[in-house]
Amino acid sequence: ANGEVELRHYGAIKLATKATGVDVTGDLRLADGGELQLGTGNDLTIQHNGSDSFIDNDTGSLFFRNYSNNEGILFQTDNGSGGLATYLHADGATGEVSIRHYGAVKLATKAGGVDITGNLGLVDSGTLNIGTDDDLKIYHNGTHGFIANETGDMYLRQLTIDGRMLFQLDDGAAGTDNYIVLNGATGEVELRYGNAIKLATKAGGVDISGTLTATDF
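Residues numbered from 1 in each chain as written. Predicted model: local features only at pLDDT ≥ 70, side-chain atom pairs only at ≥ 80, totals over all residues. Heavy atoms only, no water.

S.K.: Could you give an account of the environment of Ala-108, with specific residues and numbers?
M.R.: Assignment of secondary structure puts Ala-108 in strand S10 (residues 104-110). Judged by relative accessible area, Ala-108 falls into the buried class, the value being 5%. In the structure, Ala-108 is positioned 19 residues away from His-89 in sequence and 9.3 Å away in space, judged by C-alpha atoms. Those residues in contact with Ala-108 that sit more than four places away from it in its chain are Glu-96, Val-97, Ser-98, Gly-113, Val-114 and Asp-115. (Helix = DSSP H or I, 4+ residues; strand = E, 2+ residues; numbered from the N terminus. Buried < 20%, exposed > 50% of the residue type's maximum accessible area, 1.4 Å probe, protein only. Contact = heavy atoms within 4.5 Å.)

Okay, here's the thing in structure tokens:
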């Protein structure tokens, strides 16, 4: 009456032909190396070879789609302790894509750019390029560190009210000292030796602590 062919197991329908194809009730099993082939030219195949599993697309792009409102696509794998963790999450509720380490978010896209949790590591001579034309570069070549600006002036700004800008170097004893201090509270520039102020700019000129030695006056 309905044109169907039914395959049954102990009377229970397991496969039934339909006008649009077939309906399968239960599992569809393929032996190792057997492929589920999709498309007229078998362009998409899914298989397990006994050791690893593969999804292979031979024509066009491969799309992963989730039409469920405010839901996501999650890529999960072993967490190193016998469980599962999410490593990549495309979140339809927030618009974010998050890259994770054992489930903990390390990089997340935002409307204004990206948020990074933790350190951003670059190998020696790897460069952090800033600006449309990579005009500002920050890198370490394995021996020295560099901040290089290639267009316009370079500004170092401290915008905290009454804040200071401090230039620190090794103190010769495994610590650091201030060598130059720009003091937003007083307007002074301080030049120091061993963290002790030796020259400070003032409204009326400069103050010098200690001896001023010159080769000529």
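S.K.: So, the environment of Ser-81: which residues are in play, and what are the values?
M.R.: Within the secondary structure layout, Ser-81 lies in the loop between strand S7 (72-78) and strand S8 (84-91). On the basis of relative accessible area, Ser-81 is assigned to the exposed category, the value being 68%. Remark: the alpha-carbon pair of Ser-81 and Met-154, spanning 73 residues in sequence, is separated by 49 Å.

S.K.: Tell me what's going on with the sheet that holds strand S14 (residues 145-149), and back it up with residues and numbers.
M.R.: Strand pairing in a sheet relies on backbone hydrogen bonds. The paired strands run either parallel or antiparallel. Strand order across the open sheet formed by three strands is S12-S13-S14, with antiparallel pairing between neighbours. Sheet topology places strand S12 (127-130) and S14 at the edges, where each strand pairs with a single neighbour. Strand after strand, the sheet turns through a mean of 10° between neighbouring axes, direction not considered. Relative to S14, strand S13 (residues 136-140) runs antiparallel, the two being bridged by five bridges. Across the sheet, residue His-140 finds its bridge partner in S14, namely Gly-145. (Pairing = 2+ DSSP bridges. Axes fitted to C-alpha atoms, helices over the stretch in contact; angles between N-to-C directions.)

S.K.: An account of unusual backbone geometry is requested, with residue identities and associated values reported.
M.R.: Glycine aside, negative phi is the norm for most residues, and most peptide bonds take the trans geometry. One non-glycine residue, Tyr-10, adopts positive backbone phi at about 50°. Of note, Tyr-10 is situated in the loop between strand S1 (6-9) and strand S2 (12-18). Its relative accessible area of 82% is what places Tyr-10 among the exposed residues.

S.K.: Go over the pairing of S1 with me, naming the residues and quoting the values.
M.R.: Relative to S2, S1 runs antiparallel, the two sharing four bridges. What sits directly across from His-9, in S2, is Ala-12. Between S1 and S2, which pair antiparallel one after the other, the connecting turn spans two residues, and Tyr-10 there sits at a positive phi close to 50°.

S.K.: Which residues make up the side chain of Glu-188, and what values go with them?
M.R.: Its location among the elements puts Glu-188 in the loop between strand S16 (176-183) and strand S17 (189-193). Only 2.5 Å separates the side chain of Glu-188 from the side chain of Lys-202, close enough to count as a polar contact. Those residues within four positions of Glu-188 in sequence are excluded, and the remaining contacts are Val-181, Leu-182, Asn-183, Ala-200, Thr-201 and Lys-202. (Polar contact = N/O pair within 3.5 Å; in protein donor to acceptor, adjacent residues only side chain to side chain.)

S.K.: Break down the pattern of salt bridges for me, with residues and values.
M.R.: This structure, assessed with the given rule, holds six salt bridges. Salt-bridge contacts for Glu-4 lead to Lys-18; the nearest nitrogen and oxygen are separated by 2.7 Å. Of this pair, Glu-4 sits in the segment before S1 while Lys-18 sits in strand S2, and the two are 14 residues apart along the sequence. With a shortest N-O distance of 2.3 Å, Glu-6 and Arg-8 are connected by a salt bridge. Take Glu-6: its relative accessible area is 31%, and that puts it in the partly exposed class. (Salt bridge = Lys/Arg side-chain N within 4 Å of Asp/Glu carboxyl O.)

S.K.: Quick rundown of the sheet that holds strand S6 (residues 53-57)? Include the residues and the values.
M.R.: On the basis of which strands lie adjacent, the open sheet formed by three strands has the order S4-S5-S6 and antiparallel pairing. Sheet topology places strand S4 (35-38) and S6 at the edges, where each strand pairs with a single neighbour. Taking each pair of neighbouring strands and ignoring which way they run, the sheet shows an average axis angle of 10°.

S.K.: With reference to specific residues and values, describe the packing of aromatic side chains.
M.R.: One pass over the structure, following the stated rule, counts three aromatic pairs. An angle of 70° between the planes, with centres 5.8 Å apart, marks the rings of Phe-64 and Phe-75 as edge-to-face. In this pair, Phe-64 is assigned in the loop between S6 and S7 and Phe-75 in strand S7, connecting sequence segments eleven residues apart. Both rings, one in Tyr-139 and one in Phe-146, keep their centres 5.0 Å apart while their planes meet at 15°; by these two values the pair is stacked. Tyr-139 gets classed as partly exposed once you look at its relative accessible area, which sits at 27%. Phe-146 sits in the partly exposed class, given a relative accessible area of 32%. A cation over a ring is seen here: Arg-65 above Phe-63, with NZ or CZ 5.2 Å from the ring centre. Above the face of the Tyr-155 ring, Arg-157 is positioned so that its terminal group lies 5.3 Å from the ring centre. (Phe/Tyr/Trp six-rings, centres within 6.5 Å; stacked < 30°, edge-to-face > 60°. Lys NZ or Arg CZ within 6 Å of the ring centre and 35° of its normal.)

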